[in-house]
Amino acid sequence: MAVVEATPLYLGLGALYEHELDAHGVGAVMLTHKWQPTDLLAPHSDIDVRVLIPQAPADWEEWNHRLAAAHTAAVGRELAHRRLLEHPPGFAFTVAEADGRLVTAPELATWSLISGSARDFQRWKSRAQMAPWCEVDERFYRGILQARLGGRYRLAADSTDNVVEDIAAYQRHCVAWHYLAPCWFAAAALATRTRCPGKTAALTQWRPDGLDGYAELFLRHAEDRLEARPQSPQQLLRAAHVALEAAMRRVPDSDDPAGRGEDHARTDWSMTAGMLRVRVARWLYYLDPPPGVATDYLIRREAKELRAATRTLTALAADEGTSAQRLAAQMAALVPTGPTTVGTLRATLARWHRQKSTVQDFLSHTPGDVHP
């Protein structure tokens, strides 16, 4: 199956999503998505939305119900949306947080604008690109590698349940775009100490001696320039292993970057809150999806981000010497730490409802000095 021209499809999808959020009263003033337009390969890539709102809502729980309803309505428009809109948004931030540099530079550097103020968006992007390299960058890019290398990436875990047709083509996409390209993107950033905006840009711009052929192979996949008899997903996976082993030899060991002494607790707080703000919408959608939509694999995948949130919250809580630290500790106690199941998510929804004031306080808190 030929790859459909991506830009018109994803532009239309973004417009549809904006319409549904407006219709359900979500109150977004800007929508962005992760990665660049050239990184979205139809019909296989899903769109990973970030929501910017003018201020924290009076009731995050109720806001999440509206967000889940909007997402469900958008998925119901087309059969292909089961994959293209695989999950509700990944983050929600206030405009003040983005404007106040509380969204980390490596995260923001990957964003593309769906709707909202292009002027504000370009200012944020420019600042993200010009910010000094620091510990946050090291953690961000090395985290991508640590999640996939050393046998951690498993093709079988890239579910095909919501893929409409051509399973083999989708699995090749998974190898190239969920495994090789993110690792190449992270390796390029760490080797050059620059924040690359996306996967295609990394494969195009970072080609140390001996790696050009590997970059070309996976770009040919992205641009639908594969040979008449393309490799099987397993053959492509073996090539990806070899390519990344060679690429990682160009990545320096973790060092002590400039800026390590700065306090990154405020951005850690905002990024964790930004992720947790949309969890209820995700869980509602996963627990009650549209007919025919599979979400079991998405439920299992929640565990990874929730464990990361707990680690960050525990670090933020420190000795609980400030009110903000005590709030972080209280929120950490409300986040599940084990495997995520239907039962886990239902129990967490009930727990968060019972502890609504704590959850509301944490999600709405704008961190000042988190540590004394």
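Residues numbered from 1 in each chain as written. Predicted model: local features only at pLDDT ≥ 70, side-chain atom pairs only at ≥ 80, totals over all residues. Heavy atoms only, no water.

Visitor: Hey, could you run me through unusual backbone geometry in this one?
Guide: Among all residues save glycine, negative phi is the norm, and among peptide bonds the norm is trans. Following alanine 42, the chain continues to proline 43 via a peptide bond in cis, the omega torsion being 5 degrees. The topology assignment puts proline 43 in the loop between β1 (30-34) and β2 (49-53). Look at arginine 101: it is not a glycine, yet its phi comes out positive at around 65 degrees. Mapping arginine 101 onto the fold places it in the loop between α4 (95-99) and α5 (105-108). (Helix = DSSP H or I, 4+ residues; strand = E, 2+ residues; numbered from the N terminus.)

Visitor: Would you mind going over helix α8 (residues 167-192) with me for this structure?
Guide: Given 3.6 residues per helical turn, the α-helix brings residues three or four places apart onto the same face. Taking 1.5 Å as the rise per residue, α8 with 26 residues should run 38 Å; its terminal C-alpha atoms sit 36 Å apart, in good agreement. Along α8, the helix axis deviates most sharply at leucine 180, where the bend reaches about 35 degrees; the proline proline 182 sits within four residues downstream. Among the residues trailing α8, arginine 193 stands out with phi positive, at a value near 55 degrees. (Expected span 1.5 Å × (residues − 1). Bend = angle between axes of the 7 residues up to and from the residue.)

Visitor: Please clarify how the sheet that holds β1 should be interpreted in this entry.
Guide: Sheet strands line up and pair through hydrogen bonds in the backbone, either parallel or antiparallel. The 4 strands lie next to each other as β3-β2-β1-β4, forming an open sheet whose pairing is mixed. Both edges of this open sheet fall to β3 (91-94) and β4 (111-115), since each of them pairs with a single strand only. Adjacent strand axes in the sheet meet at a mean angle of 30 degrees when their direction is disregarded. In terms of strand pairing, β2 meets β3 through 4 bridges, oriented parallel. When the bridges of β3 are listed, valine 51 appears paired with alanine 92. Here helix α6 (residues 118-130) sits on the sheet and contacts β1, β2 and β4; the angle it forms with β4, its principal contact strand, is near 170 degrees. (Pairing = 2+ DSSP bridges. Axes fitted to C-alpha atoms, helices over the stretch in contact; angles between N-to-C directions. Contact = heavy atoms within 4.5 Å.)

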